[in-house]
Amino acid sequence: METLSIDPRTADLQGMIDRGVELHGHLGPYLVAGIRMGLLALELLESPGYFGLSAVSKAGRKPPLSCLSDGIQIGSGCTAGKGNLSIEDGGEARAHFRTEQGKRLTISLRPEIEREFADGDAHALSERVAELTLEELLQWEKE
């Protein structure tokens, strides 16, 4: 069986968003933000995704924030079914990532960007989230 990998430097973000919409059922800014979080985690932790990496989403289970977790699945390849994605009821747009080698990373949505999500059109916000630089969209800390 061939093991897949995700190269965050060459990943087709729009293709991942399209797959995310198929999995999730609709387009939304938290979905896109989660995809970008997952891709950033792979890049910073030098991980091929899917295996050898685990993620803990602090988004909880209440939409729309919980949509972040589906995005993390698409972007990182971590899934609840494989047991390397867990979801905690933190109510935060934040995720913790860890490699099997012990590298750790926490990524969160910038508060000023998240505030925009409350009042905007989901489609337009999703496009904005896809176009922002990582530094404009997210904040992170390697541990």
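Located above this text is the structure these notes cover.
Residues numbered from 1 in each chain as written. Predicted model: local features only at pLDDT ≥ 70, side-chain atom pairs only at ≥ 80, totals over all residues. Heavy atoms only, no water.

### A look at helix H2 (residues 29–45)
Move 1: Given a rise of 1.5 Å per residue, 17 residues ought to cover 24 Å, and the 24 Å separating the end C-alpha atoms of H2 matches this to within 8%.
Move 2: In terms of burial, H2 is a largely internal element, 15 of the 17 residues being buried.
Move 3: With its phi angle positive at about 55°, glutamate 46 sits one or two positions after the end of H2. (Helix = DSSP H or I, 4+ residues; strand = E, 2+ residues; numbered from the N terminus. Expected span 1.5 Å × (residues − 1). Buried < 20%, exposed > 50% of the residue type's maximum accessible area, 1.4 Å probe, protein only.)

### A look at unusual backbone geometry
Move 1: Along the chain, proline 63 connects to proline 64 via a cis peptide bond; the corresponding omega equals 5°.
Move 2: Relative to the elements of secondary structure, proline 64 occurs in the loop between strand E1 (53–57) and helix H3 (67–76).
Move 3: A positive phi angle, close to 55°, is found at glutamate 46, a residue other than glycine.
Move 4: Position of glutamate 46 relative to the elements: it lies in the loop between H2 and E1.
Move 5: The phi dihedral of tyrosine 50 is positive, around 70°, even though this residue is not glycine.
Move 6: Relative to the helices and strands, tyrosine 50 resides in the loop between H2 and E1.
Move 7: Judged by relative accessible area, tyrosine 50 falls into the partly exposed class, the value being 23%.

### Observations regarding the packing of H2 against helix H5 (residues 122–131)
Move 1: Packing of H2 against H5 brings their axes to within 8 Å, and their N-to-C directions diverge by 15°. By the angle between their axes, H2 is roughly parallel relative to H5. The chirality of how H2 crosses H5 is right-handed. Within the contact between the two elements, H2 uses Pro29, Val32, Ala33 and Arg36 and H5 uses Ala122, Leu125, Ser126, Val129, Ala130 and Glu131.
Move 2: Class assignment of the residues belonging to the contact of H2 with H5 gives a composition of seven nonpolar, one polar and two charged. (Axes fitted to C-alpha atoms, helices over the stretch in contact; angles between N-to-C directions. Parallel < 35°, antiparallel > 145°, perpendicular 65-115°, else oblique. Left-handed = near helix turned anticlockwise from the far one by under 90°. Contact = heavy atoms within 4.5 Å. Nonpolar A, V, L, I, M, F, W, Y, C, P; charged D, E, K, R; others polar.)

### Quick word on the packing of aromatic side chains
Move 1: In this structure the tally under the stated criterion is one aromatic pair.
Move 2: Taking the centre distance of 4.8 Å and the plane angle of 85° together, the rings of tyrosine 30 and phenylalanine 117 count as edge-to-face. Placement of the pair is tyrosine 30 in helix H2 and phenylalanine 117 in helix H4 (residues 111–117), with a sequence separation of 87 residues.
Move 3: Looking at phenylalanine 117, the relative accessible area reads 12%, which means it is buried.
Move 4: Against the face of phenylalanine 51 rests lysine 82, its NZ or CZ located 5.2 Å from the ring centre. (Phe/Tyr/Trp six-rings, centres within 6.5 Å; stacked < 30°, edge-to-face > 60°. Lys NZ or Arg CZ within 6 Å of the ring centre and 35° of its normal.)

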